[in-house]
Amino acid sequence: NGLIHDGNGLGTSFSKPRALSLTTCGCRAVALPSTSRCNVAAFMPEAAGFEGVSGRAALRELSVSNSESFWAAVARHRLSWSIPFHTVQDCDLSRGKIKWFEGGKLNVSVNCLDRHVHTCPERVALIWERDERGSEMKYTYRELLEMTCRVGNLLRRHGVKRGDCVTIYMPTCPLAVASMLACARIGAAHNVVFAGFSADALAERIRDAQSSTVITVNQGVRGGKVIELKKTVDTAVESCPTVKQVFVAMRTDNPVTMTARDIAMEEEMLKEDVVCEPAVMNSEDVLFLLYTSGSTGKPKGLVHTQAGYLLYAALTHRYVFSYHDGDVFGCVADIGWITGHSYVVYGPLANGATTVLFESTPIYPDPGRYWDMVERLKINQFYGAPTAIRLLLKYGDQWVNKYDRSTLKTLGSVGEPINTEAWEWYHRVVGDGRCPVVDTWWQTETGGICIAPRPSDPDAEIVPGMAMRPFFGIKPVLIDTEGELLTSNNTSGALCMAQPWPGMARTIHNNHQRFIETYFQPYPGYFFTGDGAYRSEEGYYQITGRLDDVINVSGHRIGTAEIEDVVNQCPAVAESAVIGYTHSIKGQGKKLSIDVKEADLSRQLNGMVSEKIAKYASPDFIQFAQRLPKTRSGKIMRRVLRKVVESDLEGLGDLSTLDDPAAVQEIIQGHEKLLSKNRP
């Protein structure tokens, strides 16, 4: 079955890609014909090559204790290589040095497209759930490969070279996916900028990435509204001297003004061949940049590379969501975020999946939109944000029950910890109590899911609101404020990773020093996530929020997410944000911004917090607001709220990621009223 001993201390590995098929057990090769061994090999074929691994727990243990052997086998089996790698990893966390699969050469687009076209060309790769309900469009792997090749040839003809960085400012649509894959095909990096960002935010990212090429559309369509994306690009590139050309695709029929640098994309694509020679890339060549907000407000361009990122996205997609061939995978994230990169595009396509591109909003044209889509597209795995789940919960069960959701097998949440009330509604109502809910923890920096309830034994418990179990090859640790490792359970600390994994970011573009200072200096020898976590008596992990979202009151550490969870259980509260402020006696106090109108709820909310957590956890001040400032992906901008609470309006930083900057002004005005009311 293709098993060999490679003689370099890595143990048993595979001589060629895809050496084992899922249908063969492989037990005879290692002379351990036990049922559990057959089961674990059926679960993960590579396990047949690991001595003494007889179950999923043992497989996870091996992936951490002998990570080189694990990742070598998985990489050989699951990626198609032009030239095999000679070194599994060369990493030094103390210096922020991360290299995986050196010597190996491959092409990411070949792994996502060509190899599936060889075996199942007419399998549906993409289902584009357009903003207009009921007008979905399907694209097969063959069609997506042809589109990708045309875009690749077009970019090459217009001078885009290996190592260049192309900025993509497009809504979630098939041509955006083809543009990402076309960059990968010709060896260019892509920099996808969420198509809701302002011209200033876009310009800053274009300049930092030094892009000479931008790809966009004439207009976007979202929630029934037309968005002038081309006009935003026109404004942005005025301050981007590096930009030489802008490819403009047509999402609507409305013409837009074209300048000398603009190129009509679809028109030019028709002139191109449907075959495009893939560049042979090194494992550690840059695949993409993706900008994420920094605490300073200046975005960080995180760099992900070819082989390690693709392998990690594919493996997590397969095992966290229990994806099987033929499933329809519905991740509703925008491609402008890491979730869209890993679980709309790269992970699913590397696995030959059918993946959904969701262009609309959860409540357009009504709050049944997600579940209508589940019924129509027969979605098997659904992956969305807690913000959207909380929003839909408030509209009531009838919008869910109206549609047939019997195809659903797994529900996932991503972006922030999901509160218990939302988790239980998601499980009970959306999943009819029969679908596991995987509350996934990960970051742009990690490339893919690091902690989630699955994979685990099928009957293993899932605790509401907990990410729970580390993924294969992930070794989380908790560290206290003195920098000491916390080895016991039932304890909280800074969440760090004790060893590298293939999916992690390699650097910050043009600023490796900032990369080291942010992630590797706080706790030398560890990767610092910036999050706090609690490890339960059973050893499960629960994310308690950003470490700067942990409040210390009279020596007690309280995670803001913990207080928000209680407050959000009040039927009159849509959502809340808890912010610590400096208190002369307690160290920090708590201010609570709540998206409700009734001021007489204050006493009730304080009572709930006192009862559910402790008296000391009750907010000192409660500010009521019509809405909370959020990013366009739905995350509450706690950094901004903290600055308002500290009266540091000069330090508000970059507000370009806000969905509606007016919300900040409302909060500022409300805070001033609160202060004047409480002045002696």
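Residues numbered from 1 in each chain as written. Predicted model: local features only at pLDDT ≥ 70, side-chain atom pairs only at ≥ 80, totals over all residues. Heavy atoms only, no water.

Trainee: With reference to specific residues and values, describe the overall build of the chain.
Mentor: On a plain count of helices and strands, the chain comes out with 20 helices and 35 strands. Within the chain, the fraction of its 680 residues that count as buried is 61%. Here the analysis covers contacts within the chain between residues at least 6 apart in sequence; of these, 69% occur between residues at least 24 apart. Counting every atom, the chain has about 25600 Å² of accessible surface; 50% of that belongs to carbon and sulfur. (Helix = DSSP H or I, 4+ residues; strand = E, 2+ residues; numbered from the N terminus. Buried < 20%, exposed > 50% of the residue type's maximum accessible area, 1.4 Å probe, protein only. Contact = heavy atoms within 4.5 Å. Areas by Shrake-Rupley, 256 points an atom, 1.4 Å probe, with all protein chains shown as cover.)

Trainee: Describe in detail the pairing of strand β18 (residues 328-331), supporting the description with residues and values.
Mentor: Burial along β18 is two-sided: the residues Val328 and Gly330 and Phe329 and Cys331 are all buried. With two bridges connecting them, β18 and strand β19 (residues 354-358) associate as parallel partners. Paired with valine 328 across the strands is threonine 354, a residue of β19. As a crossover connection, the stretch from β18 through helix α11 (residues 338-350) into β19 is right-handed. As paired elements, β18 and strand β20 (residues 381-384) share three bridges and run parallel to each other. When the bridges of β20 are listed, phenylalanine 329 appears paired with glutamine 381. (Pairing = 2+ DSSP bridges. Right-handed = clockwise from strand over helix to strand, strands pointing away.)

Trainee: Now, about the sheet that holds strand β26 (residues 485-486): what can you tell me, with residues and values included?
Mentor: A sheet is described by the order of its strands in space; here five strands give the open sequence β26-β25-β27-β29-β30, paired in antiparallel fashion. Among the strands making up the open sheet, the edge pair consists of β26 and β30 (541-546).

Trainee: Before we move on, could you go through the sheet that holds strand β22 (residues 437-439) and cite the residues and values that matter?
Mentor: With mixed pairing, seven strands are arranged side by side in an open sheet as β7-β6-β19-β18-β20-β21-β22. Strands with a single pairing partner mark the edges of an open sheet, and in this sheet they are β7 (137-140) and β22. Strand-to-strand twist in this sheet, taken as the mean axis angle between neighbours without regard to direction, amounts to 20 degrees. Bridge analysis of strand β6 (residues 124-129) against β19 gives four bridges, and the strand direction is parallel. Note that in β19 the partner of leucine 126 across the bridge is threonine 355. (Axes fitted to C-alpha atoms, helices over the stretch in contact; angles between N-to-C directions.)

Trainee: If you had to explain the pattern of salt bridges to someone new, which residues and values would you point to?
Mentor: Scanning the model with the defined rule gives 33 salt bridges in all. Across the pair glutamate 359 and arginine 251 runs a salt bridge, and its minimum N-O distance is 2.8 Å. Taken as a pair, glutamate 359 in the loop between β19 and α12 (369-377) and arginine 251 in the loop between β13 (245-249) and β14 (262-264) lie far apart in primary sequence, 108 residues in all. By relative accessible area, glutamate 359 is classed as buried at 4%. Several salt bridges share partner residues, and in doing so they unite Glu129, Arg133, Glu136, Asp366, Arg369, Asp372 and Arg376 into one network. (Salt bridge = Lys/Arg side-chain N within 4 Å of Asp/Glu carboxyl O.)

Trainee: Can you break down unusual backbone geometry residue by residue, with the values?
Mentor: Following tyrosine 364, the chain continues into proline 365 via a peptide bond in cis, with omega recorded as -5 degrees. When you line up the elements, proline 365 lands in the loop between β19 and α12. At the junction of arginine 454 and proline 455, the peptide bond is cis and its omega measures out at 10 degrees in the coordinates. The topology assignment puts proline 455 in the loop between β23 (451-452) and β24 (469-470). Within the chain, asparagine 510 stands out as a residue other than glycine whose phi angle is a positive 65 degrees. Among the secondary structure elements, asparagine 510 is positioned in the loop between β28 (507-508) and α16 (512-519). Residue classification places asparagine 510 among the exposed positions, given a relative accessible area of 56%. You will see that serine 647, though not glycine, has its phi angle at about 55 degrees, which is positive. Here serine 647 is to be found in the loop between α19 (638-645) and α20 (662-678).

Trainee: Tell me about the state of the cysteines, and name the residues and values.
Mentor: By the definition in use, this model includes zero disulfides. Here cysteine 149 stays free of any disulfide, with the sulfur of cysteine 276 as its closest cysteine sulfur at 5.2 Å. (Disulfide = S-S within 2.5 Å.)

Trainee: Quick rundown of the packing of helix α6 (residues 174-186) against α11? Include the residues and the values.
Mentor: Following both chains from N to C, one finds α6 and α11 inclined at 60 degrees, their axes separated by 12 Å at the closest point. The pairing of α6 with α11 is recorded here as oblique in orientation. As for the relative orientation of α6 and α11, their crossing is right-handed in sense. Across the interface between the two elements, Val177, Met180, Leu181 and Ala184 of α6 pack against His341, Val345, Tyr346 and Leu349 of α11. Looking at side-chain class alone, the contact of α6 with α11 contains seven nonpolar, one polar and no charged residues. (Parallel < 35°, antiparallel > 145°, perpendicular 65-115°, else oblique. Left-handed = near helix turned anticlockwise from the far one by under 90°. Nonpolar A, V, L, I, M, F, W, Y, C, P; charged D, E, K, R; others polar.)

Trainee: Describe in detail the packing of aromatic side chains, supporting the description with residues and values.
Mentor: Evaluation of the coordinates by the stated rule reveals 35 aromatic pairs. Ring geometry for phenylalanine 70 against tryptophan 71: centres 4.9 Å apart, planes inclined by 80 degrees, an arrangement best described as edge-to-face. On the basis of an interplanar angle of 85 degrees and a centroid distance of 4.9 Å, the ring pair of phenylalanine 288 and tyrosine 309 is categorised as edge-to-face. Here tyrosine 309 lies in helix α10 (residues 306-320) and phenylalanine 288 lies in strand β16 (residues 286-292), a separation of 21 residues in the sequence. Like phenylalanine 288, the residue tyrosine 309 is buried in the burial classification. These aromatic residues form a ring-pair network of at least three members: Phe43, Phe50, Phe70, Trp71, Trp81, Phe85, Trp100, Phe101, Tyr312, Tyr319, Phe471 and Phe472. For the cation-ring pair, arginine 318 lies above tyrosine 319, with the distance from its terminal atom to the ring centre recorded as 4.5 Å. (Phe/Tyr/Trp six-rings, centres within 6.5 Å; stacked < 30°, edge-to-face > 60°. Lys NZ or Arg CZ within 6 Å of the ring centre and 35° of its normal.)

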